[in-house]
Amino acid sequence: MDIDTLRTTHPDHWRKAAAIRTLTLDAVAAANSGHSGAPMGIADVATVLFEKHLRFDPTAPNWPDRDRFILSAGHGSMLIYSLLHLTGYSDMTLDQIKNFRQWGAITAGHPEYGHATGVETTTGPLGQGIANSVGFAIAEEHLRAQWGKKIVDHHTYVIAGDGCLMEGISQEAIGLAGKQKLGRLIVLWDNNNITIDGTVDMSDITDQKARFAASGWSVFECDGHDPTDIDRAITAAKATDTPSMIACKTHIALGSSAQDTSKGHGALTDAKLIADTKAAYGWDYEAFEIPKDVRDAWAAIGARGQEARRDWEARLADLSANKQAEFARIFAGELPKKLTATIKALKRQLAEVQPKVATRKASEMALEVINPIMAETLGGSADLTGSNNTKTADLGVFGPENRKGRFIHYGIREHGMAAALNGMALHGGIKPYSGTFMCFTDYARASMRLSALMKIAPVYVMTHDSIGLGEDGPTHQPVEHLAMLRATPNMMVMRPADATETAEAWEVALGQTKTPSVLALSRQNLAAVRTEFKTKNLVAQGAYVLADATAKRQAILMATGSEVEIAMAARDLLEAEGIGTRVVSMPCWELFEAQDDSYRKRVLPGGPVRVAVEAGVRLGWDKWLLGERGREAKAGFVGMTDFGASAPAEVLYEKFGITAEAVAQKVRDLLG
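Residues numbered from 1 in each chain as written. Predicted model: local features only at pLDDT ≥ 70, side-chain atom pairs only at ≥ 80, totals over all residues. Heavy atoms only, no water.

(A) Here's a closer look at the overall build of the chain. Regarding its fold elements, the chain presents 27 helices and 16 strands. For 672 residues, the compact-globule formula gives about 26 Å, and the C-alpha radius of gyration of the chain, at 28 Å, lands near that figure. By its C-alpha atoms, the chain is 95 × 55 × 45 Å across when sized along the principal axes. For the chain, buried positions account for 60% of its 672 residues. Here the contacts in the chain between residues at least 6 apart in sequence split such that 78% fall between residues at least 24 apart. Total accessible area on the chain stands at roughly 24,400 Å², and carbon and sulfur atoms take up 50% of it. Side chains of the chain give 72 positive and 81 negative charges; the mean places of these two sets differ by 6 Å. (Helix = DSSP H or I, 4+ residues; strand = E, 2+ residues; numbered from the N terminus. Rg over C-alpha atoms; globule rule 2.2 N^0.38 Å. Buried < 20%, exposed > 50% of the residue type's maximum accessible area, 1.4 Å probe, protein only. Contact = heavy atoms within 4.5 Å. Areas by Shrake-Rupley, 256 points an atom, 1.4 Å probe, with all protein chains shown as cover. Lys, Arg positive; Asp, Glu negative; His and termini not counted. Charge placed at Lys NZ, Arg CZ, Asp CG, Glu CD.)

Here it is in structure tokens:
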């Protein structure tokens, strides 16, 4: 439908959509930066969605049963900022729109979760939004099964562009959504055939409609500028029991001289182009001016959901007081009161039994007592269930036949899995965790980074965390991965040394609300190093003295995970020679760094030589070897300097020189 026909046939709709387009033009021009074309092209679709379908209430923006709207094509951020401003979100003022992309404004270049109310997830890296949406939809299905349709019953809508669908993560996401028959998930594809370099056919020949259909989705089409046709397609999509994709044929940078060109993708800042475009729209107003009739119409759209929200609150109030409290608890991310006592009881048992188990098995032992008292946990694995040990007997498998199931088989989709965990965490009411091999954090990395950036708290269970996995060889043996994860701001990396530390690590991870956790767990069995029961969670301190010197302290050995028992054996050798040796277990650097200086000084005093031992690269260890009162002349490292090899674990440790004798010799050499 061309502009003249649209203006004549649907004048009220046209003016509402034009408000989005002109705010976009004005904000991008003021910033001299941004992406004008996508909001201008998809404005009609967004207007119909918000006016006729999306259930939301700007006066209660965190209403748990609201529909979720995700702008996966995050570069078109002025679309969502315009919608939030026009529908009445109190923090999205006109001044914020005018300060688009400026320091201190909530209108960042790409939508940032936690900056602006109504932004459900951070998008910008293309494909992440559509992949997050699968987690949102899984959370909705699961919570609806748990709580009933009167309490949880909503849709997840996504606007995605050509770039989102080209990214590999999109196939992981749509394959998972199709398999799970997530019927409340609707993707609106902004089918404008333009990327930064030019037309889509320069780089891609994929039949997207056929691809979605082959992945188990219902597929619809509409004229993305005809409000009647858009409404028809969304209505049809809502009636299916599968996820739906609507191919919305649009014109990027509609009405401008850059329409249908790659130029239209970027910042349209030329004054004449803007003036000509507004003239084509019939928009004779000053920059950032929205006429009263249009502003009132959008305000009415924003107010439309208040009645539905109040009705929902009444239904929630009909629940028993205990159920209301539990619903509030899980959406607040608060731990059940039983958890601390449950973990302490497990620790007491472990101190008595002192099991020699892999920490992946110890993680399963912890989950066996955690999952029964935390109904909000939703676990999974990327086709490594038996290796990651993330499934406990009580969970049941989530699927179309069992929405109450609490374990998800993600298949070989590490990236899509991590993005789905983000979506579940963002949705609320769910504490998601899932596993794969530590080496495959490489595949999940982009979504894990966004967990940290958004300050949300999924738990990543990463097993087979070193050369200790053995015969699978260097392709599967993480060497640089601990350093990579520790380098990520707001990422908590915990590498426990035995079953007790693993239980404590789980307690720490579950207590986080703004920091994602990585549990780096061993394949090989590890001896119990915590042989006495202690009430205090020592992992929560990040590092602590595991064993102190009996003779005069001359050396401090620092280690994590599977190398703690090596450090303890090296201590035995050194103590036998009269060299007083302290062993410090350092399961979580980030937590240790957060301790006050006096505690860190007690754990790592100046004077003794220091040797760190970890089956990974040295990068990062110098903070503890040379800093914190350490000295280069009195510091050494025993670990990896290259990739691993294929052999049994014990052979690899010997060949790579990560042994108790090597650690002891390093101390002797430093002592001279």
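(B) View of the packing of helix α6 (residues 128-147) against helix α18 (residues 414-427). Interaxial distance between α6 and α18 falls to 7 Å at its minimum, and their mutual angle equals 55°. For the element pair α6 / α18, the angle class is oblique. The handedness of the crossing between α6 and α18 comes out as right-handed. Of the residues in α18, those in contact with Gln128, Ala131, Asn132, Gly135, Phe136, Ile138, Ala139, Glu140 and Leu143 of α6 are His415, Ala419, Ala420, Asn422, Gly423, Met424, Leu426 and His427. For the contact of α6 with α18, the residue count by class is nine nonpolar, seven polar and one charged. (Axes fitted to C-alpha atoms, helices over the stretch in contact; angles between N-to-C directions. Parallel < 35°, antiparallel > 145°, perpendicular 65-115°, else oblique. Left-handed = near helix turned anticlockwise from the far one by under 90°. Nonpolar A, V, L, I, M, F, W, Y, C, P; charged D, E, K, R; others polar.)

(C) Region of interest: the environment of leucine 182. By the secondary structure assignment, leucine 182 is in the loop between α8 (168-180) and β3 (185-191). On the basis of relative accessible area, leucine 182 is assigned to the buried category, the value being 0%.

(D) Main features of the pattern of salt bridges. What the rule picks out here adds up to 36 salt bridges. The residue lysine 361 makes a salt bridge to glutamate 364 at a minimum N-O spacing of 3.1 Å. Of this pair, lysine 361 and glutamate 364 both sit in helix α16 (residues 359-370), three residues apart, which is roughly one turn of that helix. The class for lysine 361 is partly exposed, based on a relative accessible area of 34%. Among the ionic pairs, arginine 582 bridges to aspartate 548, the shortest N-O distance being 3.0 Å. (Salt bridge = Lys/Arg side-chain N within 4 Å of Asp/Glu carboxyl O.)

(E) Structural detail: the pairing of strand β2 (residues 156-161). Taken across its six residues, β2 has six buried, putting it largely inside the fold. In this sheet, β2 lies alongside strand β1 (residues 68-71) in parallel orientation, the contact comprising four bridges. Along β2, the bridge assignment pairs leucine 71 with isoleucine 159. Strand direction decides the pairing type here: β2 and β3, joined by six bridges, are parallel. Within the sheet, the bridge partner assigned to threonine 156 lies in β3 and is leucine 185. (Pairing = 2+ DSSP bridges.)

(F) Up close: the side chain of serine 585. Within the fold, serine 585 resides in strand β14 (residues 580-585). Under the relative-accessibility criterion, serine 585 is labelled buried at 1%. Among the polar contacts listed, one links the side chain of serine 585 to the side chain of glutamate 501, at a separation of 2.7 Å. Not counting residues up to four positions away in its chain, the partners in contact with serine 585 are Ala497, Glu501, Gly542, Ala543, Tyr544, Leu546, Ala559 and Val564. (Polar contact = N/O pair within 3.5 Å; in protein donor to acceptor, adjacent residues only side chain to side chain.)

(G) Focus on the packing of aromatic side chains. Under the defined criterion, the tally for this structure stands at 18 aromatic pairs. Ring centres 5.2 Å apart and planes at 80° place the aromatic pair phenylalanine 50 and phenylalanine 69 in the edge-to-face group. Separated by 19 residues along the polypeptide, phenylalanine 50 in helix α3 (residues 37-53) and phenylalanine 69 in strand β1 bring together distant segments of the chain. A centroid spacing of 5.0 Å and a plane angle of 85° characterise the contact between phenylalanine 212 and tryptophan 217, whose relative ring orientation is edge-to-face. (Phe/Tyr/Trp six-rings, centres within 6.5 Å; stacked < 30°, edge-to-face > 60°.)

(H) Representation of empty space enclosed by the protein within the structure. A full pass over the atoms with the stated rule returns three cavities of 30 Å³ or more. Volume-wise, the largest cavity comes out at about 100 Å³. Lining the largest cavity are Phe50, Leu54, Phe56, Pro61, Arg66, Asp67, Arg68, Phe69, Leu84, Tyr89, Gly118 and Glu120. Tallied by class, residues from the lining of the largest cavity come to seven nonpolar, one polar and four charged. Reported here for the second largest cavity is a volume of approximately 40 Å³. Lining the second largest cavity are Leu350, Gln354, Pro355, Asp498, Ala499, Thr500, Ala528 and Arg530. Across the lining of the second largest cavity, the residue classes tally to four nonpolar, two polar and two charged. (1 Å grid on protein atoms, 1.4 Å probe; cavity = no way out; pocket = protein on both sides within 12 Å on 5 of 7 lines; lining within 4 Å. Points joined across faces, edges and corners; volume = space filled by probe spheres on them.)

(I) Representation of helix α14 (residues 321-332) within the structure. Between the first and last C-alpha of α14 there are 16 Å, a value that for twelve residues agrees with the 16 Å anticipated at 1.5 Å per step. All of the buried residues in α14 are Phe327, Arg329 and Ile330. Down the axis of α14, the buried side of the element spans an arc of 160°, and every buried residue falls inside it. Summarising the contacts, the buried residues of α14 are in contact with α6 and α13 (306-317). (Expected span 1.5 Å × (residues − 1). Arc of directions from axis to C-beta.)

(J) Highlighting the side chain of arginine 406. As for its placement among the helices and strands, arginine 406 is situated in the loop between α17 (385-388) and β7 (407-409). Only 2.7 Å separates the side chain of arginine 406 from the backbone oxygen of methionine 374, close enough to count as a polar contact. Excluding residues within four positions of it along the chain, arginine 406 makes contact with His142, Asn371, Met374, Ala375, Thr377, Leu378, Gly379, Asp394, Leu395, Gly396 and Phe398.

(K) Molecular detail of the environment of alanine 60. For alanine 60, the location among the structural elements is in the loop between α3 and β1. Using a relative accessible area of 18% as the deciding quantity, one classes alanine 60 as buried. Remark: the alpha-carbon pair of alanine 60 and glutamine 306, spanning 246 residues in sequence, is separated by 8.3 Å.

(L) Fine view of the sheet that holds strand β12 (residues 544-547). Pairing is mixed in the open sheet, where five strands are placed in the order β12-β14-β13-β15-β16. Whereas interior strands pair on both sides, the edge strands pair on one side only; in this sheet they are β12 and β16 (635-638). Pairwise comparison of adjacent strand axes, ignoring direction, gives a mean angle of 30° for this sheet. With four bridges connecting them, strand β15 (residues 609-613) and β16 associate as parallel partners. Note that in β16 the partner of arginine 610 across the bridge is alanine 635. Here helix α22 (residues 564-576) sits on the sheet and contacts β12, β13 (553-559), β14 and β15; the angle it forms with β14, its principal contact strand, is near 170°.

(M) Molecular detail of the sheet that holds strand β9 (residues 459-463). Overall, parallel pairing links the six strands, which are arranged β7-β6-β8-β9-β11-β10 in an open sheet. Either end of the sheet is taken by a strand with one partner, and the two such strands are β7 and β10 (492-494). Each neighbouring strand pair of the sheet contributes to a mean axis angle of 20°, computed without reference to strand direction. Sheet analysis places strand β8 (residues 431-437) next to β9, joined by five bridges and oriented parallel.

The values are spatial; any link to function lies outside them.
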